[in-house]
Structures are given as C-alpha cells and as structure tokens.
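# Fold and geometry: a report
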Amino acid sequence: MTAVNITGLTPDFFITVALFILFILSMFGMGVLRLFQQMTRPGIWFIVTGLIGIAAFAVVLNVWYV
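Right, let's walk through the structure included here.

Reading the values: the criteria
- Residues numbered from 1 in each chain as written.
- Predicted model: local features only at pLDDT ≥ 70, side-chain atom pairs only at ≥ 80, totals over all residues.
- Heavy atoms only, no water.
- Helix = DSSP H or I, 4+ residues; strand = E, 2+ residues; numbered from the N terminus.
- Rg over C-alpha atoms; globule rule 2.2 N^0.38 Å.
- Buried < 20%, exposed > 50% of the residue type's maximum accessible area, 1.4 Å probe, protein only.
- Contact = heavy atoms within 4.5 Å.
- Expected span 1.5 Å × (residues − 1).
- Patch = residues over 30% accessible without salt bridge, like charges linked within 9 Å, V, L, I, M, F, W, Y side chains within 5 Å.
- Areas by Shrake-Rupley, 256 points an atom, 1.4 Å probe, with all protein chains shown as cover.
- Salt bridge = Lys/Arg side-chain N within 4 Å of Asp/Glu carboxyl O.

## Considerations on the overall build of the chain
Along its length, the chain carries 2 helices and 0 strands. For 66 residues, the compact-globule estimate of 2.2 N^0.38 gives 11 Å, and the C-alpha radius of gyration of the chain, at 15 Å, exceeds that figure by more than 25%. With the C-alpha coordinates aligned to their principal axes, the bounding extent of the chain is approximately 45 × 30 × 15 Å. Taking all 66 residues of the chain together, the buried fraction comes to 15%. Taking the contacts inside the chain whose residues are at least 6 apart along the sequence as the reference set, 50% of them involve residues at least 24 apart.

## Focus on the side chain of Thr16
Note on placement: Thr16 falls in helix H1 (residues 11-36). Residues within four places of Thr16 in sequence aside, it is in contact with Val60 and Tyr65.

## Considerations on H1
Side chains three or four residues apart in an α-helix point the same way, a direct result of the helix having 3.6 residues per turn. The terminal C-alpha atoms of H1, which comprises 26 residues, lie 37 Å apart, in line with the 38 Å expected from a rise of 1.5 Å per residue. Among all positions of H1, only Thr16, Phe20, Ile24, Met27 and Gly31 are buried. Contacts from the buried residues of H1 go to helix H2 (40-65). Gln38 occupies a position one or two residues after H1 and carries a positive phi of about 60°.

## Let's talk about a nonpolar patch on the surface
A contiguous nonpolar patch, built from Val4, Ile6, Leu9, Phe14, Ile15, Leu19 and Leu22 and spanning about 760 Å² of accessible area, is present on the exposed surface. Mapped onto the fold, Ile15 is located in helix H1. On the basis of relative accessible area, Ile15 is assigned to the partly exposed category, the value being 49%.

In short, shape yes, function no, at least from these values alone.
Given below as structure tokens:
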C-alpha cells in the first residue's frame, strides 16, 4: 500500500467537498432518524433535502472545478 499524493488538492476544493459531505450526510442521517421515530413527513423532507444537496454539489463541482 502506498501513500496518496494530495499535492494537487486545493484548499478551497477540500473545504467545498467537506462542507457538502457534512451537509448531505447529516440530512440523510436526520431523515433516517425521523423515519425510525415514525415521523414520516419530516423524515422524507430531510431525505429530499439531502438529495437536493447532492444535486447542488454536482452543479457546484461542474461550474467551479471542471
């Protein structure tokens, strides 16, 4: 196993990816938690918000970094 070279990774790209991942995963986590608590409407809204976050993440990556 070798080390991964991350010298080409810019700080703004790292921060953008980290913030989107934190947002998306927290929305999915809260959605699953609400569904286990049998609060279906807020659970579905959290999951939909996570999906919107994924779409926004794809747009931001395509506009700013590609």
